[in-house]
Amino acid sequence: MSERIIDKTAAELADDIRDGKLTSVEVTQAFLDRIAEVDDTVGAFLTLDAEGALKAAAEVDTALGAGERLSPLAGVPIAVKDLFVTKGLRTTASSKILEDWIPPYDGTIVSRLRQAGLPILGKTNLDEFAMGSSTEYSAFGATKNPWDTDRIPGGSGGGSAAAVSARMAPIALGTDTGGSIRQPGAVTGTFGGKPTYGSNSRYGVVAFSSSLDTPGPVSRNALDGALLNEIISGHDERDSTSIPQDVRPVAEGARTGATGDLDGVTLGVVKEFADGSAQGAEAGVLEAYQAGVEQLIKLGATVKEISVPHFRYALPTYYLIAPSEASSNLARYDSVRYGLRAGDDGKHSLEQVMSLTREAGFGPEVKRRIMLGTYALSAGYIDQFYGQAQKVRTLIKRDFDAAFEQVDALISPTTPFVAFPFGSRTADPYQMYLSDLYTIPSNLYGGPAVSVPTGLSEGMPVGLQVMGPVMRDEVCYRIAAALETTQSPLLADTVPEIEE
Amino acid sequence: MSTISRDEVAHLARLARLEVTESELDSFADQLDVILDSMKSLSEVDTDGVEPTSQSVPLINVFREDQPHTSLERDDVLAGAPDTAEDRFRVPQILSEEE
């Protein structure tokens, strides 16, 4: 049986389109057909744009026919997390407060996708305003994990990860504030890449936590993620936190890694991460991770133990900084300029309308974080909580700077546990927050980190995380691609049976 | 002893412009208490002389050429508003009857 279009990787599809073996319209239609086939069960997409995607695909086909030289992923369709602002295409952030918002502009990364000729299939589900670790906090219903539809697909980018895992898109966009690309990647058997903070523009990304939010790729393998990241990366003068440096050569890193040679690479295992039992990591996850470490050693890597003494403070530091920034960012939803308005019946003042609107528009996790952030920033507590968290962030950053003087990259499990059943952690927010235990540190120090599938536990995917020094993203891609060479077939090439 | 009281949660809700029901006050007080309790460990870290990190990358002020350029069309911007009047955002009254 010939290989289905939807089973090809993004790089393979791009080659086929460039070589004239497939048209972009054929490829885009194949993924739209797959969405029609399985998304009623998975629920990865909030909004589809079949017409826009097919129009963009036809334009690529015309340009290629005219001999134009296009981007390395021209014609390959993509799913976009519904946190990215898309002109003329509904953008909700999975919140009732933005339920019917049609943006009047494209964000920088979306503009770059359009310029590079990637048809946008639609917008994917997420935890409301990217606050969550399971996509259960979407105002429009949860996305299901294609590997087991009784389980969560991770969060906040569960929609993008599930779309790639279920073959509804070859690649997708995500954002990572505390692990929201890597954690869903790990639990759905996909590759997730968080670039160096500031290397990908946040202009036109609905803000959650401005010093942590990082857009990045979701894909089947490291090379596809690298190709996408090179398209969307680069300095943006409209984002004051954008780093004015060249795009990192991550595709070259992935291709180097694909040779399976890690001679001369030194990897650090974080001593405090490895003490998984103390952090509630499941035995099956640790076994799959350890098997991955042994494979990396066989490829020539040297592994040594590294101490990051302030690791245990990363979670509380994050959960003070992120909600503080969120409470400030979400003040813009004030019922005046866009989005929902409630209580405007002539009986309530503007202030009352604002409060009624925010009550009606925000879900429980968003309210919880707004309250937490308001508390941490309020007079009398700001030094004790927010100020102290910022100082501890300095110490965590110093720990990682010191670690990267000894090793090329650090490795860990991506998550402490495999995808859990729906509803099993919603009653206890702190238990939910533990999902991002291993991913949060790289957001705090700002460096790149990727999650690559490394095995199964209880029949569910497990991810191995590679963390690198700031602006050395290519190192992570090299190691991830090398680990992929030890899998035959690639774990991400397994198409999960989707049960209704 | 609780880190945060029910009254403090009600005060926070007012500050954050959130109407909160009585049952939400109870659940938020319980949940915030657990979360804040877990954060107490930060107070044990010696941070004397440590500078705070607000951004992981150094920020520099960014200037552009002082040249006019196009912005969003007014009609496009107003199209997303919940209510408009005479090419402006329309809001409910600001002052109450007593004021």
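Since we're looking at a predicted model, the values are computed, not measured.

(A) Spotlight on the overall build of chain B. Along its length, chain B carries three helices and two strands. The C-alpha radius of gyration of chain B comes to 23 Å, more than 25% above the 13 Å expected for a compact globule of 99 residues. Taken over the C-alpha atoms alone, chain B extends approximately 55 × 45 × 25 Å along its principal axes. In chain B, buried positions account for 31% of the 99 residues. Contacts in chain B between residues at least 24 apart in sequence constitute 29% of all its contacts with a sequence separation of at least 6. As displayed, chain B offers around 7,200 Å² of accessible surface, 48% of which is attributable to carbon and sulfur atoms. Here chain B holds 8 positive side-chain charges and 24 negative ones, and the gap between their average locations is 6 Å.

(B) Quick peek at the overall build of chain A. From N to C terminus, chain A includes 17 helices and eleven strands. On C-alpha atoms alone, chain A measures out to a radius of gyration of 21 Å, which is about the 23 Å that the 2.2 N^0.38 rule sets for 500 residues. Across its three principal directions, the C-alpha atoms of chain A cover 65 × 55 × 45 Å. Across the 500 residues of chain A, 67% fall into the buried class. Counting only carbon and sulfur atoms, one obtains 47% of the accessible surface of chain A, whose full area is about 16,100 Å². Counting 43 positive and 64 negative side-chain charges, chain A places the centres of these two groups 5 Å from one another.

(C) Structural context of the interface of chain A and chain B. The interface is formed by 62 residues belonging to chain A together with 52 residues belonging to chain B. Of the roughly 5,100 Å² buried at the junction of chain A and chain B (both faces included), carbon and sulfur atoms supply 68%. Counting every contact that joins chain A to chain B gives three salt bridges. Between Lys367(A) and Glu24(B) there is a salt bridge, and its shortest N-O distance comes to 3.2 Å. With eleven residues, helix H14 (residues 383-403) of chain A is the largest single contributor of residues to the side of chain A that touches chain B. Here the residues of the side of chain A that touches chain B are counted per class, giving 32 nonpolar, 16 polar and 14 charged.

(D) View of the side chain of Asp16(A). Topologically, Asp16(A) is positioned in helix H1 (residues 10-18). Not counting the four nearest positions on each side in its chain, Asp16(A) is found in contact with Lys8(A), Lys21(A) and Leu22(A).

(E) View of the pairing of strand E3 (residues 120-124) of chain A. All names here are of chain A. With five of its five residues buried, E3 lies for the most part within the structure. Of the pairings in the sheet, the one linking strand E2 (residues 78-81) to E3 comprises four bridges and is parallel in character. Bridge pairing in E3 places Ile-78 opposite Ile-120. Once you follow E2 into helix H4 (residues 108-115) and on to E3, the crossover reads as right-handed.

(F) Spotlight on the pattern of salt bridges. Per the stated rule, a full pass over the model turns up 28 salt bridges over all chains. Arg18(A) is the partner of Asp15(A) in a salt bridge, and the nearest nitrogen-oxygen pair spans 2.9 Å. With Asp15(A) and Arg18(A) both in helix H1, this residue pair falls three residues apart, about one helical turn. Under the relative-accessibility criterion, Asp15(A) is labelled partly exposed at 38%. Taken together, the shared-partner salt bridges connect Arg341(A), Asp344(A), Asp83(B) and Arg90(B) into one network.

(G) Seen up close, the nonpolar core. All names here are of chain A. Core analysis: the largest hydrophobic core is formed by 150 residues, its most contacted members being Leu-73 and Phe-129. Look past the residues within four positions of Phe-129 in its chain and what remains in contact with it is Leu-83, Ala-93, Ser-95, Ile-97, Leu-98, Val-206, Phe-208, Leu-330, Tyr-333, Phe-362 and Val-366. Core analysis: the second largest hydrophobic core is formed by 14 residues, Ile-152, Val-187, Val-418 and Val-462 among them.

(H) A look at helix H13 (residues 364-377) of chain A. Between its first and last C-alpha, H13(A) extends 20 Å over 14 residues, near the 20 Å set by a 1.5 Å rise per residue. Of all the residues in H13(A), the buried ones are Glu365(A), Val366(A), Lys367(A), Arg368(A), Arg369(A), Ile370(A), Met371(A), Leu372(A), Gly373(A), Thr374(A), Tyr375(A) and Ala376(A). In the core, the buried residues of H13(A) are packed alongside helix H11 (314-329), helix H12 (350-361), H14 and helix H15 (429-433) of chain A together with helix H1 (6-15) and helix H2 (22-38) of chain B.

(I) Structural view of the packing of helix H7 (residues 222-232) of chain A against helix H17 (residues 473-484) of chain A. All names here are of chain A. Where H7 meets H17, the closest approach of the two axes is 9 Å, and the angle between their N-to-C directions is 150°. The pairing of H7 with H17 is recorded here as roughly antiparallel in orientation. Of H17, the residues touching H7 (which contributes Ala-222, Gly-225, Ala-226 and Asn-229) are Tyr-477, Ala-480, Ala-481 and Glu-484. For the contact of H7 with H17, a count of residues per class yields five nonpolar, two polar and one charged.

(J) View of the packing of aromatic side chains. All names here are of chain A. In total, this model carries 18 aromatic pairs over all chains according to the counting rule given. Residues Phe-400 and Phe-404 carry aromatic rings whose centres are separated by 6.5 Å and whose planes lie at 40° to one another, so their mutual orientation is tilted. What makes Phe-404 buried here is its relative accessible area of 14%. Taken together, Trp-101, Phe-129, Tyr-333, Tyr-338 and Phe-362 form an aromatic cluster joined through their ring pairs. It is Arg-90 that lies over the ring of Phe-140; its NZ or CZ is 5.7 Å from the centre. Directly above the ring of Phe-417 sits Arg-425, whose terminal nitrogen or CZ lies 3.8 Å from the centroid.

(K) Seen up close, the environment of Gly192(A). All names here are of chain A. By secondary structure assignment, the location of Gly-192 is in strand E5 (residues 191-194). Between the C-alpha atoms of Gly-192 and Asp-7, which are 185 residues apart in sequence, the distance is 18 Å. Residues contacting Gly-192, with those up to four places away along its chain left out, are Ile-181, Arg-182, Pro-217, Ala-449, Val-450 and Ser-451.

(L) Highlighting a nonpolar patch on the surface. A cluster of nonpolar side chains, namely Leu72(B), Val77(B) and Phe89(B), defines an oily patch on the protein surface of about 210 Å² accessible area. Relative to the helices and strands, Phe89(B) is located in strand E2 (residues 88-89).

(M) Local environment of the sheet that holds E5(A). Residues and elements named next belong to chain A. Across the sheet, eleven strands lie side by side as E1-E3-E2-E4-E6-E5-E10-E11-E9-E7-E8; this open sheet has mixed pairing. Looking at which strands have only one partner, the edges of the open sheet turn out to be strand E1 (45-48) and strand E8 (302-306). Neighbour-to-neighbour, the strand axes of the sheet open up by a mean angle of 30°, direction not taken into account. Relative to E8, strand E7 (residues 266-270) runs parallel, the two being bridged by five bridges. From the neighbouring strand, Gly-268 faces E8, where its bridge partner is Lys-304. Across the face of the sheet, helix H2 (residues 24-42) comes into contact with E1 and E3 while running at roughly 35° to E3.

What counts and what doesn't
- In this numbering scheme, every chain counts its residues from 1 along its sequence in written order.
- Written order determines the labels here, with chains lettered from A and ligands numbered from 1.
- Reporting of local features is limited, given that this is a predicted model, to residues whose pLDDT is at least 70; pairs of side-chain atoms are given and counted only at 80 or more, and all residues count toward the totals for whole chains, interfaces and linings.
- Derived side-chain values reflect all non-hydrogen atoms in the structure, with water molecules and hydrogen atoms excluded from consideration.
- Think of it this way: any DSSP run of H or I at least four residues long counts as a helix, any run of E at least two long counts as a strand, and we number them from the N terminus.
- Just to be clear, the radius of gyration here is over C-alpha atoms, and the globule rule we use is 2.2 Å times residues to the power 0.38.
- Relative accessibility under 20% of the residue-type maximum defines a buried residue, over 50% an exposed one, and the middle range a partly exposed one, all with a 1.4 Å probe and only protein chains included.
- Contacts between residues were defined by any pair of non-hydrogen atoms, one from each residue, lying within 4.5 Å.
- Only the protein chains shown count as covering a residue, and every accessible area follows the Shrake-Rupley method with a 1.4 Å probe.
- His is not counted, nor are the chain ends; Lys and Arg add positive charge and Asp and Glu add negative charge.
- A charge is said to be at NZ when it belongs to Lys, at CZ for Arg, at CG for Asp and at CD for Glu.
- Once two parts are joined, some of their accessible surface, as seen by a 1.4 Å probe, is lost; buried area is that loss totalled over both.
- A pair is scored as a salt bridge if a Lys or Arg side-chain nitrogen falls within 4 Å of a carboxyl oxygen belonging to Asp or Glu.
- Gly falls in the polar group here, along with every residue not listed as nonpolar (Ala, Val, Leu, Ile, Met, Phe, Trp, Tyr, Cys, Pro) or charged (Asp, Glu, Lys, Arg).
- Strand pairing is defined by DSSP finding a minimum of two bridges between the two strands.
- Handedness is read with the strands pointing away from the viewer; a crossover is right-handed when the path from the first strand over the helix to the second is clockwise.
- Residues enter a nonpolar core if they are buried and are Ala, Val, Leu, Ile, Met, Phe, Trp, Tyr or Cys, with the set joined through side-chain atoms within 4.5 Å.
- One less than the residue count of a helix, multiplied by 1.5 Å, gives the span that helix is expected to have.
- Only the stretch in contact is used when fitting a helix axis, every axis being a line fitted to C-alpha atoms; angles between N-to-C directions are given from 0 to 180 degrees.
- When describing relative orientation, an angle under 35 degrees is termed roughly parallel and one over 145 degrees roughly antiparallel, while 65 to 115 degrees is termed roughly perpendicular and anything else oblique.
- We call Phe, Tyr and Trp rings a pair once their centres come within 6.5 Å, taking the six-membered ring for Trp, and we label the pair stacked below 30 degrees between planes, edge-to-face above 60, and tilted otherwise.
- Consider the ring centre and the ring normal. A charge sits over the ring if Lys NZ or Arg CZ is within 6 Å of that centre and within 35 degrees of that normal.
- Each patch is built from residues lacking any salt bridge and having more than 30% relative accessible area; the joining distance is 9 Å for like charges and 5 Å for nonpolar side chains (Val, Leu, Ile, Met, Phe, Trp, Tyr).

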